[in-house]
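# Fold and contact review
Here is what each chain is made of, one letter per residue.
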Amino acid sequence: QVTLVESGGGLVQPGGSLRLSCAASGSIFSINVMAWYRQAPGKERELVAVIINGGSINYADSVKGRFTISRDNAKNTVYLEMNSLKPEDTAVYYCNADVKFYDGNYLRRNDCWGQGTQVTVSS
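First, a word on scope: everything that follows refers to the structure included in this document. None of these values were measured; they are calculated from a predicted model.

### Re the overall build of the protein chain
Across its full length, the protein chain carries zero helices and eleven strands. What you see for the protein chain is a C-alpha radius of gyration of 15 Å, in line with the 14 Å of a compact globule of 123 residues. Counting contacts in the protein chain only where the partners sit at least 6 residues apart, residues at least 24 apart contribute 55% of the total. Entry remark: accessible area of the protein chain is about 6,600 Å², with carbon and sulfur atoms responsible for 45%.

### Notes on the packing of aromatic side chains
Considering all chains together, one arrives at two aromatic pairs under this definition. Their ring planes at 85 degrees and their centres at 5.8 Å tell us that Phe 29 and Tyr 102 sit as a pair that is edge-to-face. Of this pair, Phe 29 sits in strand 4 (residues 28-39) while Tyr 102 sits in strand 9 (residues 91-103), placing them 73 residues apart in sequence. Look at Phe 29 and you get partly exposed, because its relative accessible area is 46%. On the basis of relative accessible area, Tyr 102 is assigned to the partly exposed category, the value being 42%. Aromatic side chains Tyr 37 and Trp 113 sit 4.9 Å apart centroid to centroid with 55 degrees between the ring planes, which places their arrangement in the tilted category. With Tyr 37 in strand 4 and Trp 113 in strand 10 (residues 106-113), this residue pair connects regions lying 76 residues apart in the sequence. Taking relative accessible area as the criterion, Tyr 37 reaches 22% and is therefore assigned partly exposed.

### Topic: the pattern of salt bridges
Under the counting rule described, the total for this entry stands at seven salt bridges. Ionic pairing is found between Arg 108 and Asp 103, a salt bridge with its closest N-O pair at 3.6 Å. By sharing partners, the salt bridges in this structure join Arg 38, Glu 46, Arg 66 and Asp 89 into a single network.

### Concerning the state of the cysteines
Within the structure shown, the criterion is met by one disulfide. Between Cys 22 and Cys 95 runs a disulfide, and the two sulfur atoms are separated by 2.1 Å. Disulfide Cys 22 to Cys 95: torsion about the S-S bond roughly -85 degrees, handedness left-handed. Residue Cys 22 is found in strand 3 (residues 18-26), and its partner Cys 95 is found in strand 9; the two are separated by 73 residues along the sequence. An identical accessibility class is assigned to Cys 22 and Cys 95; each is buried. Considering cysteine sulfurs only, Cys 95 is the nearest to Cys 112, which forms no disulfide, with 9.3 Å between them.

### A few points about the environment of Asp 89
Within the element layout of this structure, Asp 89 appears in the loop between strand 8 (77-82) and strand 9. In this structure, Asp 89 is in contact with Arg 38, Arg 66, Phe 67, Ser 84, Val 119 and Val 121, ignoring residues within four places of it in sequence. There is a polar contact of 2.8 Å between the side chain of Asp 89 and the backbone nitrogen of Lys 86.

Parameters and conventions
- Residues numbered from 1 in each chain as written.
- Predicted model: local features only at pLDDT ≥ 70, side-chain atom pairs only at ≥ 80, totals over all residues.
- Heavy atoms only, no water.
- Helix = DSSP H or I, 4+ residues; strand = E, 2+ residues; numbered from the N terminus.
- Rg over C-alpha atoms; globule rule 2.2 N^0.38 Å.
- Contact = heavy atoms within 4.5 Å.
- Areas by Shrake-Rupley, 256 points an atom, 1.4 Å probe, with all protein chains shown as cover.
- Phe/Tyr/Trp six-rings, centres within 6.5 Å; stacked < 30°, edge-to-face > 60°.
- Buried < 20%, exposed > 50% of the residue type's maximum accessible area, 1.4 Å probe, protein only.
- Salt bridge = Lys/Arg side-chain N within 4 Å of Asp/Glu carboxyl O.
- Disulfide = S-S within 2.5 Å.
- Polar contact = N/O pair within 3.5 Å; in protein donor to acceptor, adjacent residues only side chain to side chain.

So this is what it looks like as C-alpha cells:
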C-alpha cells in the first residue's frame, strides 16, 4: 500500500506564508502526477496546483503568482509554497498522487489521497 502524509499547516496572519509538504511512502515504483487540493467550509473541494513528472505545472487562477508547487522525486515528496496568504485561502489542504507501486510480484496503480492539513489565515 501507499501512504501520503501532509505536514506544514497552521494558523497564519493575512500576508503570511506557509510551506506544505506531502511525503509518499510504500513500495513505490513511480509517481506521475502530484497535486494539491483544498476544501473550504461549505465549499466543494477544488484543485489548487498540479505538477507532472515531466515538469508541467498548472495553478488555479485564485493562487497564481502566490503559490508555488514543486517536487523532490528522490524523496517522493511534493511541496506547496504559499505566500501572500488571504483569509479566503483558509481550507483543509489535501495531497493527491497517481502512484505505481509493488504489491508482491505485481505492479499496481492507485490514485492516492492524504488525510489533509488545516490552513487558517486570520488576524
